Amino acid sequence: MRRDRFKSLTLFFSILFLIFSALFVYELFAASSLTWSRLGIAFIFGRRWDPLKGAYGALPFIYGTIVSSTFALIAAAILGLGVAIFLSEISPKGLRELLSAIVELIAAIPSVIIGLWGIFVLVPLVRASLQPALAPLSFIPLFSGGSPSGLSMLAAIIVLSFMITPIVATVAKDCLLMVPQELKEAAYGLGARRYEVIRHVSIPYAKNGILGGLILGYGRAIGETMAVTMVIGSSYIISPSLLSPAHTMAAVLANEFAEATDSLYLSSLTAIALLLILISFLINLAGRSVVLRWKRAAR
Amino acid sequence: MGVSKRTAMAGAILVLAIIAGAFFTFQRPASQPQPTSTTQATTAEPALGKRVAIQGAGASFPYPLISKWAQEYDALTKGMVAINYQSIGSGGGIKQVSERTIDFGASDAPLMPDEAKRAPGLLHIPEAVGAVVLAYNLPGLSGRLKLSGDIIADMYLGKIAKWNDPMMASMNEGMALPDKEIVLVKRSDSSGTTFIFTDYLSAVSGEWMRSVGRGKVFNYPGAVGARGIQAKGNEGVTAIVKQTPYAIGYVELTYALQNNVPYALIKNKAGRFVEANFETIANAASAAAPKLPKGDEPWDKVSIVDAEGEASYPISSFTYLLVHKDLSYMDKGKAQALVGFLRWAVTEGQKYCKDLYYVPLPAEVQRLDLETISMIGK
């Protein structure tokens, strides 16, 4: 009896949360209806954003968000997985606890502080050292051109990977630590070396969880606002080069929402917020479907 | 197991109770006295009347000044009038005061026609004057850079690309300007600073007016887009100018002063090169005063850039308080307190401007403001 009541209470909370999320999306959609009715799908593929001239196209922001967070995710996956493997499989126990605590601490640094570090330390470094170092590669479009200040997509990618590596590393480490000892011992018993155990036993066992960590990190990178806004250079021009300034969806909201008064302008910014939510949602969904497929294959 | 479930249940009920309590408290009308709070109120406030709280919101530029006013006015009225100001941006301020959810708004730019249409009867009250300067970074250069409106427009339009351009050199005779590309910096976020800057360039350059225009954001025109830099906030632009050799950018005067960044002398309408300081900026405001509209007329055409006068600094602007002419949407005591505060802010309150690097209103504009304030409720 009491168990039933408890069950319905938790159900009530879950439904409440669902209703809130739905209302949230509905509200964004309603507030951006002017943009959808006036510009329609052209808003998503428009390359020009010039509020003074009444031109609203969201493509530069969508492009910047996806490129910056994808590159950051690749960097964080490599770095984070390395950290996680070291902490879970290789390091002695005392060191593991100390290092884990430090990694988790880095994840807790407020993003505005990382942004300040970005503008005062990283950006001059990109200008004075990284750009000249990458100059020989300038025949590749990805590294062509440059920004005289160092504010660039590259700076944003570095800041983002610094922010999400601890998340990826912490989640992956916890998953790797959950691999049953018997399984590993059996592999050792069969004559496997440490690398082979990690490669063929631990990682396959923990891959669902690791992917979960990557999705979490990707979500953080897509939505990250403050730190990115401070270093990306906020250019409305889509450039193939990582050394050029760019823009993201979260950054344009942070930059322009407070002073936007014209109604189409405000509605277009809201439309970008809606797109941002939808994109995060789709990426989450894609990640989940991969996990689901793996689970089914394992069965 | 049973225990932890019970704990969870109790926790959930507690949370619900708190939420319900909060709703209940917030929904209770403030004027309906509660037995416990009345006793407290009477002991704290002797017969002088009710304590009022005035809510304002808007631009971030005047935030330090309004906070100072709030503090001083609280002391002056012995805690009877509390001013709460939230710097949420001009957009939010205009929206909220138009919808009458707050008592006054603040904006760095006057209302544009479509905004004014949505809020008929909203009065413009200039509260202080701000100025924008061109901060630059020219390593090894002694002396002060001189610029004119044409040259600034041509730089930002991409027609002058190098520091030693002949136009630039003829204006700065005797200075060894380097053969380097000019690194342009502008604001990436929308702001009143950008509005003042583009307002000035639109006033002095027809080409700027046609190809870019005036507003709180603008796009670098044409090819400049690929090399121009954008930074967030006055602090961001100042930081980039300071650390990037051969850069130039526009910032509020305060930021150039506080960060010790050199800024250019600007040629005014009378042909003189003037430095931005308290006097030259106030001169610009005085020069424009006779032509200002009444408080309840449209202000969208108002601009004090490129002002007349030998010693007027040309890139300056008012920052505004916005108040409804008809205050019947708030209770009488509050409306009276608001009017009292406004009167004080535009006269007595002006003495706090200089310490915070705002330029006080010249006497002519104070008079206009008092006239505007006396329209309230009529």
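Everything quoted here is computed from the prediction, not taken from an experiment. (Residues numbered from 1 in each chain as written. Chains lettered and ligands numbered in written order. Predicted model: local features only at pLDDT ≥ 70, side-chain atom pairs only at ≥ 80, totals over all residues.)

J.: What's the story with the overall build of chain A in this structure? I'm lost.
T.: Helix and strand counts for chain A come out as 12 helices and 0 strands. Looking at the 299 residues of chain A, the share that counts as buried comes to 40%. (Helix = DSSP H or I, 4+ residues; strand = E, 2+ residues; numbered from the N terminus. Buried ≥ 20, exposed ≤ 12 C-beta atoms within 10 Å, placed from the backbone.)

J.: Help me out: how do you make sense of the domain arrangement of chain B in this one?
T.: For interface size, the figure often reported is the accessible area lost on association. Residues and elements named next belong to chain B. Taken domain by domain, chain B holds domain 1 (3–129 + 321–373) and domain 2 (132–283). Listed as interface residues are 11 residues of domain 1 and, on the opposing side, 9 residues of domain 2. Grouping the constituent residues of the side of domain 1 that touches domain 2 by class yields 8 nonpolar, 1 polar and 2 charged. (Domains from an automatic or database assignment. Contact = placed C-beta atoms within 7 Å. Nonpolar A, V, L, I, M, F, W, Y, C, P; charged D, E, K, R; others polar.)

J.: Teacher, can you tell me more about the packing of helix α4 (residues 59–90) of chain A against helix α7 (residues 153–177) of chain A here?
T.: The description of two helices packed together rests on the angle between their axes and the distance between the axes. All names here are of chain A. Interaxial distance between α4 and α7 falls to 6 Å at its minimum, and their mutual angle equals 35 degrees. When the axes of α4 and α7 are compared, the crossing they make is right-handed. Counted by class, the contact of α4 with α7 contains 22 nonpolar, 6 polar and 2 charged residues. (Axes fitted to C-alpha atoms, helices over the stretch in contact; angles between N-to-C directions. Left-handed = near helix turned anticlockwise from the far one by under 90°.)

J.: Just to check I follow, could you spell out helix α14 (residues 332–346) of chain B for this structure?
T.: Owing to its 3.6 residues per turn, the α-helix aligns residues three or four sequence positions apart on the same side. Residue and element names in this part refer to chain B. With 15 residues, α14 extends 22 Å from end C-alpha to end C-alpha; this agrees with the ideal 21 Å at 1.5 Å per step. Among all positions of α14, only Ala335, Ala337, Leu338, Phe341, Leu342, Ala345 and Val346 are buried. The arc that holds every buried residue of α14, seen down its axis, measures 160 degrees, which confines them to one face. (Expected span 1.5 Å × (residues − 1). Arc of directions from axis to C-beta.)

J.: Sorry if this is basic, but what is going on with the interface of chain A and chain B here?
T.: At the interface, 25 residues of chain A touch 34 residues of chain B. Elements that contribute at least two residues to the side of chain A that touches chain B include exactly α1 (2–31), α6 (111–134), α10 (226–231) and α11 (249–256) of chain A. When grouped by side-chain class, the residues that make up the side of chain A that touches chain B number 14 nonpolar, 8 polar and 3 charged.

J.: I would appreciate a short explanation of the packing of α4 of chain A against helix α9 (residues 194–223) of chain A in the present structure.
T.: Residues and elements named next belong to chain A. Contact pair α4 / α9: the axes reach a minimum separation of 9 Å and the direction vectors enclose 140 degrees. The angle between the axes of α4 and α9 places the two elements in the oblique class. Note that α4 runs across α9; the crossing there is right-handed. On the side of α4, the interface is formed by Thr65, Ser69, Ala72, Leu73, Ala76, Ala77, Ile85 and Glu89, while α9 contributes Ile198, Ser202, Leu214, Gly217, Tyr218, Ala221 and Ile222. When the residues that make up the contact of α4 with α9 are grouped by side-chain class, the tally is 10 nonpolar, 4 polar and 1 charged. (Parallel < 35°, antiparallel > 145°, perpendicular 65-115°, else oblique.)

J.: Help me understand the pairing of strand β2 (residues 81–87) of chain B, please; the structure alone is not making it clear to me.
T.: Where a strand is regular, its side chains alternate between the two sheet faces. Residue and element names in this part refer to chain B. The alternating pattern of β2 places Val81, Ile83, Tyr85 and Ser87 on a buried face, while none of Ala82, Asn84 and Gln86, on the opposite face, is buried. Direction of pairing for strand β1 (residues 52–58) relative to β2: parallel, over a ladder of 7 bridges. Note that in β2 the partner of Val52 across the bridge is Val81. What joins β1 to β2 is helix α3 (residues 63–76), and the crossover it makes is right-handed. (Pairing = 2+ DSSP bridges. Right-handed = clockwise from strand over helix to strand, strands pointing away.)

J.: Any chance you could explain the sheet that holds strand β10 (residues 273–274) of chain B here in plain terms?
T.: Strand pairing in a sheet relies on backbone hydrogen bonds, with the paired strands running either antiparallel or parallel. All names here are of chain B. Taken in spatial order, the 3 strands of this open sheet run β5-β9-β10, and their pairing is mixed. Whereas interior strands pair on both sides, the edge strands pair on one side only; in this sheet they are β5 (146–147) and β10. In this structure, β5 lies alongside strand β9 (residues 265–267), joined through 2 bridges in parallel fashion. By the bridge assignment, Leu147 is partnered in β9 with Ile266.

J.: Honestly, unusual backbone geometry in this entry has me stumped. Any pointers?
T.: Glycine aside, residues mostly have negative phi, and peptide bonds are mostly found in the trans state. Residues and elements named next belong to chain B. Positive phi, normally seen in glycine, also occurs at Arg100, with a value near 60 degrees. One non-glycine residue, Asn260, lies in positive phi territory at about 55 degrees. Relative to the helices and strands, Asn260 resides in the loop between α12 (253–258) and β9. Judged by local crowding, Asn260 falls into the exposed class, with 8 C-beta atoms found within 10 Å.

J.: Would you explain the nonpolar core in this entry?
T.: Grouped burial of nonpolar side chains is what soluble globular proteins tend to show. Counting 176 residues, the largest nonpolar core has Ala155, Val159 and Val231 of chain A together with Val133, Leu134, Val185 and Leu322 of chain B as its most contacted members. Taken domain by domain, the makeup of this core includes at least three residues from each of domain 1 (3–129 + 321–373) and domain 2 (132–283) of chain B. Not counting the four nearest positions on each side in its chain, Val231 of chain A is found in contact with Gly115, Gly118, Ile119, Leu122, Val123, Leu151, Ala155, Ala156 and Val159 of chain A. (Core = buried A, V, L, I, M, F, W, Y, C linked by C-beta atoms within 7 Å.)

J.: Hey, could you run me through the confidence of the model for chain A in this one?
T.: Should the pLDDT be low somewhere, the predicted coordinates at that spot are not to be read in detail. Here chain A averages 90 in pLDDT, while 99% of its residues score no lower than 70. Within chain A, the lowest mean pLDDT, 89, falls on helix α12 (residues 263–298) of chain A, and the highest, 95, falls on α4 of chain A. (pLDDT = per-residue confidence, 0-100.)

J.: Help me understand the sheet that holds strand β8 (residues 247–252) of chain B, please; the structure alone is not making it clear to me.
T.: Residue and element names in this part refer to chain B. Spatially, 8 strands are ordered β2-β1-β3-β11-β4-β8-β6-β7 in an open sheet, and the strand pairing comes out mixed. Of all strands in the sheet, those with a lone pairing partner are β2 and β7 (229–231), marking the two edges. The average angle at which neighbouring strand axes cross in this sheet is 25 degrees, direction not considered. Packing against the sheet, helix α11 (residues 233–243) makes contact with β4 (122–136), β6 (183–187), β7 and β8, and its axis sits at approximately 155 degrees to β8.

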